[in-house]
Amino acid sequence: RLLPKIGFQPYGTLEYYARVIRPFRQYRQRPRPSPLREVARLGRNTIWSMSPFRTPGGEWSAVRLERAGAWLDEIVSAYTAQTFCVGRRSSASVNYLLDCPAATGSLYSVACHGATRGYFILNEIHGQTRIVDIFLNSEKAADWEAACRLALKSSASLASTCEVVAATSLPWLAGIFRRCGLRRCNDRPIMLYDPRQLLTNAPPLQIQMVDSDAFYMHDLSYPFLT
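The sections below set out a description of the structure shown in this document. Numbering of residues starts from 1 in every chain and runs along the sequence as written. Residues qualify for local features only when their pLDDT is at least 70, as the model is predicted, and side-chain atom pairs are given and counted only at 80 or more; totals for whole chains, interfaces and linings, by contrast, use all residues. Excluding hydrogens and water, the side-chain figures rest on all heavy atoms present in the structure.

### Re the pairing of strand β4 (residues 104-112)
- Each residue is assigned to one of three classes by its accessible area relative to the maximum for its type, calculated with a 1.4 Å probe on protein chains only: buried under 20%, partly exposed between the two thresholds, exposed over 50%. Strands here are runs of E lasting at least two residues and helices are runs of H or I lasting at least four, both read from the DSSP assignment and numbered beginning at the N terminus. With seven of nine residues buried, β4 lies mostly within the body of the structure.
- As judged from the nine bridges shared by β4 and strand β5 (residues 115-125), these two strands associate in the antiparallel manner. Note that in β5 the partner of G105 across the bridge is N123.
- Two strands are said to pair when DSSP picks up at least two bridges between them. Here β4 folds back onto β5 in antiparallel fashion, the turn holding two residues, of which H113 has a positive phi close to 55°.

Printed below as a string of structure tokens:
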């Protein structure tokens, strides 16, 4: 109620998507104030976890790296999307995020036919693995779907993962999440402060978890979205 009074305007919705990977481990890690309800949730999540898990074609691959370097700066500086706006990225900013003490971050480079096309960052927090950032030098939906499937596969392969979570403000990317087997679990309104109208004719902003404190905030009393 306060934000519009100081100049903020509605700017779409940040949609949160999740997929259950290890339902029984998730059940054991979740607080159980209502045992019967949690048993029912375990049954539902077990069914959800059994949905098909498709991986991208063999031409796509992801490699885990310890740190970002000059390769990342070259990719992000050489490409500008025309249909959406991406927040500024650099190897320094990515390494800063990886050093966050509140979550275990990991960086993966994404390649197609051996050529590096982008990267994604995962954060592990108490059984929930978050795909907090994806960058790809492409606007093709098929390429983004391949990158998202790589991120999902890499998240699921981590031993601590009970649930995978991702978020986006772009409807077409939300559609890709759904095709990858993630379910919409939550959403939050986006409020924009732009008194100089710099974004009036600009493409829509691509907002992800990394663009706010959503990439590391965690509530132990409600640790999962599913």
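### Notes on the sheet that holds strand β8 (residues 183-192)
- Spatial strand order, β2-β4-β5-β6-β7-β1-β8: seven strands in an open sheet with mixed pairing. Either end of the sheet is taken by a strand with one partner, and the two such strands are β2 (60-65) and β8. Ignoring which end each strand starts from, the neighbouring axes of this sheet average 25° apart.
- Pairing of β2 with β4, which is carried by six bridges, proceeds in the antiparallel orientation. Paired with S61 across the bridge in β4 is A111. All axes are obtained by fitting lines to C-alpha atoms, using only the stretch in contact for helices, and the reported angles, taken between N-to-C directions, cover 0 to 180 degrees.

### Things to note about the environment of D194
- With respect to the element layout, D194 can be found in the loop between β8 and β9 (205-206).
- The exposure class assigned to D194 is buried, which follows from its relative accessible area of 15%.
- Between the alpha carbons of D194 and Q9 there is a distance of 8.3 Å; along the sequence they are 185 residues apart.
- The criterion used for residue contact is that any of the two residues' heavy atoms lie within 4.5 Å. Sequence-distant contacts of D194, defined by excluding residues within four places in its chain, comprise L199 and T200.
- We define a polar contact as two N or O atoms separated by no more than 3.5 Å, with the added condition that, inside protein, one atom must be a possible hydrogen donor and the other a possible acceptor, whereas residues neighbouring each other in sequence contribute only through side-chain atom pairs. In this structure the side chain of D194 is engaged in a polar contact, spanning 3.0 Å, whose partner is the backbone nitrogen of L198.
- In terms of polar contacts, D194 uses its side chain to reach the backbone amide nitrogen of L199, at 2.9 Å.

### Concerning the packing of aromatic side chains
- Stacked, edge-to-face and tilted labels apply to pairs of Phe, Tyr and Trp rings (six-membered ring for Trp) whose centres lie within 6.5 Å, assigned for plane angles under 30 degrees, over 60, and everything in between, in that order. Enumeration according to the criterion identifies nine aromatic pairs in this entry.
- Here the aromatic rings of F84 and W172 are separated by 5.7 Å at their centres, their planes lie at 45°, and the arrangement is tilted. Separated by 88 residues along the polypeptide, F84 in the loop between α3 (70-77) and β3 (85-86) and W172 in helix α6 (residues 171-179) bring together distant segments of the chain.
- You can call F84 buried: its relative accessible area is 2%.
- The exposure class assigned to W172 is partly exposed, which follows from its relative accessible area of 32%.
- Taken together, the ring pairs in this structure connect F84, W144 and W172 into an aromatic cluster.

### Section: a nonpolar patch on the surface
- Patch rule: a residue counts if its relative accessible area is over 30% and it has no salt bridge; like charges are joined within 9 Å, and nonpolar side chains (Val, Leu, Ile, Met, Phe, Trp, Tyr) within 5 Å. Using a 1.4 Å probe, the Shrake-Rupley method yields the accessible areas, and only the shown protein chains count as cover for residues. Any Lys or Arg side-chain nitrogen located within 4 Å of an Asp or Glu carboxyl oxygen qualifies as a salt bridge. Taken together, the side chains of L2, L3 and I6 define a hydrophobic patch exposed on the protein surface, amounting to about 280 Å² of accessible area.
- Since its relative accessible area comes to 35%, L3 is described here as partly exposed.

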